[in-house]
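What follows is the residue order along each chain.
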Amino acid sequence: MQSPVIVLNTSKQRETGHRAQMSNIAAGKTVADVVRTCLGPRAMLKMLLDPMGGITMTNDGFAILRECEVAHPAAKSMIELSRTQDDEVGDGTTSVIILAGEMLAIAAPFLERKIHPVVILRAFQKALEDSKEILREIAVPVDTTDRAKMLELIKSAIGTKFVNRWNDLMCELALTAVQTVVCREEDLDALHGVAMDADAPKASAAGEAAEDKPAVAAIADGAAASATAAGAADAPSAASDLGPASVSEAQASELSTAPKASAPDVDVREVDIKRFVRVEKVPGGEIEESRVLDGVMINKDVVHPKMRRHIENPRIILLDCPLEYKKGESQTNIEISRESDWSRVLEIEEEQIRSMCEKIAQLKPDLVITEKGVSDLAQHYLVKENITALRRMRKTDNNRIARATGARIVTSVDELKEQDVGTACGLFSVEKIGDEYFSFLTKCKNPKACTILLRGPGKDTLNEIDRNLQDAMCVARNVLFNPYLCPGGGATEMALSVQLAQRAKMNIDGIEQWPYGGVAEAMEVIPRTLIQNGGGNAIRTLTELRAKHAAGLTTWGVDGEKGVPVDMNEYGVWEPLAVKMQTVKTAIDSASLLLRVDDIVSGTAKKSD
C-alpha cells in the first residue's frame, strides 16, 4: 500500500470547501453584529480601551473596527471595507459593514443547498448592476448654491452622531470649511500661475462672474416638474460637502451615467479637505465657541520677545531653508594657528547671516515663516528691521499658509522675488488660549485653506466631535462633486429591495433567481436595523414600507427616532448618491470576494486537543 504524500505542513490549521465558506460567513456576521447597534439616530456608543490606556467613545463604524483586534482573515477583510468606504466617501462606514454581513448571511442557505458559489456570484453581480440603475432613477438633483438646503443635508448626515446636540453649529462649521477650500477651474488656474500677469484683470472679472453665477445651472423646466412630481422639490438637501479630495476613476465613470435630463452643471475641480482644512482641537471653553477661521491658525509663538505680535495687512515670506550659518555636509576640522584667523572665521559666519537677512529685508516683509531654524544672530538682525519671524513650521502648515495668503514657498533667500511675497492676509496676531500661544493669519482675501477651531470640555469629547465633523465635511464634498441625493432613513434600501424582488420574478430565470432575490431581501437589513434601534415593531413597519414602495412611493423610509414609517420629503433626511452607490457596490463586491474562498490555511499551529 502506497504511503500518503504530505504536501502541506500538517501542524498548521486548515479549513477547506464548505467548512471554509461557512467560517467566513460566520466571521462576517460577527463583525456586522458588533456595529449593528451603531446605526441611526438612536445609535449606541461603544467604549474602547487601547493598549496604551487611552479611551475611545464613538458610534462611528470605522473608528470602532479600527480599534478592534481580530484574528480571523475574513473579519480583517470586513474591517478593510469600512476603511475603503471612509477613504472614498467618508460616510456610510457602519451601513457598508451591516449590508456586507447580511449579504454573506443570505448566501449561507444557498451554499447549504449545494448551489455553486459561481452561480451565486453571477446573480450578485446582476443585482449590483440593476441596483446602480435603480439608484440613478430615484436620485434627485440638488442646487449646491442653496445654503439652507446644503445645511439640511449635512444635518441628516450627522444627526445620528454624538454632535447632534450642536447640529446647527457643526453644520455651519462643516459647510463653511468646504465652501472655503472648494476650487473651480478659474481658481486652479490662479493658484498654479497659469494666468499671465497681463490677463490678471480678465481673470479677476471671470472670478467675480463665477461668484455671481450659480455653480449649478438651473434645472430644465420639464426636469423640475418631474422632480416635483416625485416630491423632491421641497425636500431639504442633506448633502454634505466633505469627503475625499477627489472622486476615483471607477466612481466617476459610474456617476457620469447619472440622469442626464436634469444634470446640474458642476465645475468643481478640487475639494481637498485633508490637506487644506485643519481641525485645531483646544480643550477648554464651550463647544459654542468653535468657529471657522478665514485663514490659518498655528500653535507657534514669535521667536523673539521684541517682535511684533499684531500686524495688519502683513507682507509674508515663506521659506524652506534655515536662517542659520551653513554648516558642512560632512564633519569638518579646521586648524587655526593665529587668533586673527579665528576672529575672521566668526566674522564670516556673521557676514553670511547678515547677508541672508539683508536679502530678506530688501523685499520689506512684515512676517517671515521658515520650516527650519532661526539663529539668535538672525533674530537680532530681523528685529532691527522690524520683521517678525516664526520657525520650525510643519510642511503641511506652510502649504496651507501659502494657499491662504498667496505667498510662494522659497527654498533659498537668493531666489526671493517680489511675486513670492504674500499680501492676501488681512491680520497677523498672536493670542494665548489656555496655557499655549497660537499665531493667527486671518481676514484673508479668498482663502483656499482654513482652520476649524474646536473648543470643548475634554480631549475625548473633542476627538469624537472631530470624527463627526470629518464625516459632515465629506458629505458636503460628495454633493459638490456629484449633486444628486437619495432619500435617507432606509428609503433607498427599501426601494432597492422592492424593485429587485420584482425584477427577480420578471427578468431572472433558473437557479440564479434565488440568490438574486436574496440580495433584495438583504437590502431590508438597513431599514430593519433602524426600526429595531428606534424601538419599533420591525415586522409591521417593514410590511407597511413594502406596500408604500410597491405603490411607487420611493421616498418613504423609517423615522429613526420612533421606528415608524415616514415620508422623507416631509421628514427631510437625504443622503448623497455617491455614498449610497459606494455602499452597495463595496458590500456586494466584498461578499463576492469572501464567497470565492474555499480553502483557509492559517499560519498558526493547530490547537492541541
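Scroll up a little and you will see the structure.
What comes next concerns the included structure. (Residues numbered from 1 in each chain as written. Predicted model: local features only at pLDDT ≥ 70, side-chain atom pairs only at ≥ 80, totals over all residues. Heavy atoms only, no water.)

Bringing the overall build of the protein chain into the picture now. The secondary structure content of the protein chain amounts to 22 helices and 22 strands. Counting over 609 residues, the protein chain shows a buried share of 51%. Long-range contacts, defined as pairs at least 24 residues apart, comprise 80% of the intrachain contacts of the protein chain with a sequence gap of at least 6. Accessible surface for the protein chain amounts to roughly 29,000 Å². Of this, 50% is attributable to carbon and sulfur atoms. (Helix = DSSP H or I, 4+ residues; strand = E, 2+ residues; numbered from the N terminus. Buried < 20%, exposed > 50% of the residue type's maximum accessible area, 1.4 Å probe, protein only. Contact = heavy atoms within 4.5 Å. Areas by Shrake-Rupley, 256 points an atom, 1.4 Å probe, with all protein chains shown as cover.)

Right, let's get into the pairing of strand β19 (residues 556-559). For β19 and strand β20 (residues 564-567), the ladder comprises 4 bridges, and the chain directions are antiparallel. The partner of Trp556 across the bridge, within β20, is Asp567. The antiparallel hairpin formed by β19 and β20 contains 4 residues in its connecting segment, where Gly563 sits at a positive phi of about 75°. (Pairing = 2+ DSSP bridges.)

Inspection of every chain in the model, using the stated rule, returns 0 aromatic pairs. Between the NZ or CZ atom of Arg113 and the centre of the ring of Trp514, over which it lies, the distance is 5.2 Å. Directly above the aromatic system of Phe276 lies the positively charged group of Arg403, at a separation of 3.9 Å from the ring centroid. (Phe/Tyr/Trp six-rings, centres within 6.5 Å; stacked < 30°, edge-to-face > 60°. Lys NZ or Arg CZ within 6 Å of the ring centre and 35° of its normal.)

Strands sit in the order β13-β12-β11-β14 across an open sheet of 4 strands; the sheet is parallel. Because the sheet does not close on itself, it has two edges, and the strands there are β13 (388-390) and β14 (409-410). Bridge analysis of strand β11 (residues 316-319) against β14 gives 2 bridges, and the strand direction is parallel. Residue Leu318 lies in a different strand from β14, and its bridge partner there is Ile409.

Now for helix α19 (residues 525-533). Along α19, the positions that sit buried rather than exposed are Val525, Ile526, Pro527, Thr529, Leu530 and Ile531. Here the buried face of α19 lies against α4 (93-112), α17 (491-507), α18 (513-523), α20 (538-550) and β19. At the C-terminal side of α19, Gly535 shows a positive phi close to 80°.

Burial of β11 is two-sided: the residues Ile316 and Leu318 facing one way and the residues Ile317 and Leu319 facing the other way are all buried. Looking at chain direction, β11 and strand β12 (residues 367-370) are connected through 4 bridges and run parallel. Directly across from Ile316, in β12, lies its bridge partner Leu367.

Time to look at the packing of helix α1 (residues 17-35) against helix α3 (residues 73-88). Running from N to C, α1 and α3 point in directions that differ by 45°, and their axes come no closer than 8 Å. With respect to α3, the axis of α1 lies oblique. For the pair α1 and α3, the sense of crossing is right-handed. Counted together, Asn24, Ala27, Gly28 and Val31 of α1 and Ala74, Ala75 and Met78 of α3 form the full contact between these two elements. Its residues assigned to classes, the contact of α1 with α3 comprises 5 nonpolar, 2 polar and no charged. (Axes fitted to C-alpha atoms, helices over the stretch in contact; angles between N-to-C directions. Parallel < 35°, antiparallel > 145°, perpendicular 65-115°, else oblique. Left-handed = near helix turned anticlockwise from the far one by under 90°. Nonpolar A, V, L, I, M, F, W, Y, C, P; charged D, E, K, R; others polar.)

Moving on to the nonpolar core. Grouped together as the largest cluster of nonpolar side chains are 84 residues, with contacts concentrated most on Leu319 and Leu323. Top element by residues in this core is helix α16 (residues 459-481). It accounts for 11 residues. Setting aside residues up to four positions removed in sequence, Leu319 forms contacts with Ile360, Val368, Ile369, Thr370, Glu371, Asn398, Ile409, Val410, Val413 and Leu416. Counting 70 residues, the second largest nonpolar core, distinct from the first, contains Ala504, Ile526, Trp556 and Leu577. (Core = buried A, V, L, I, M, F, W, Y, C linked by side-chain atoms within 4.5 Å.)

By themselves these figures say nothing about function.
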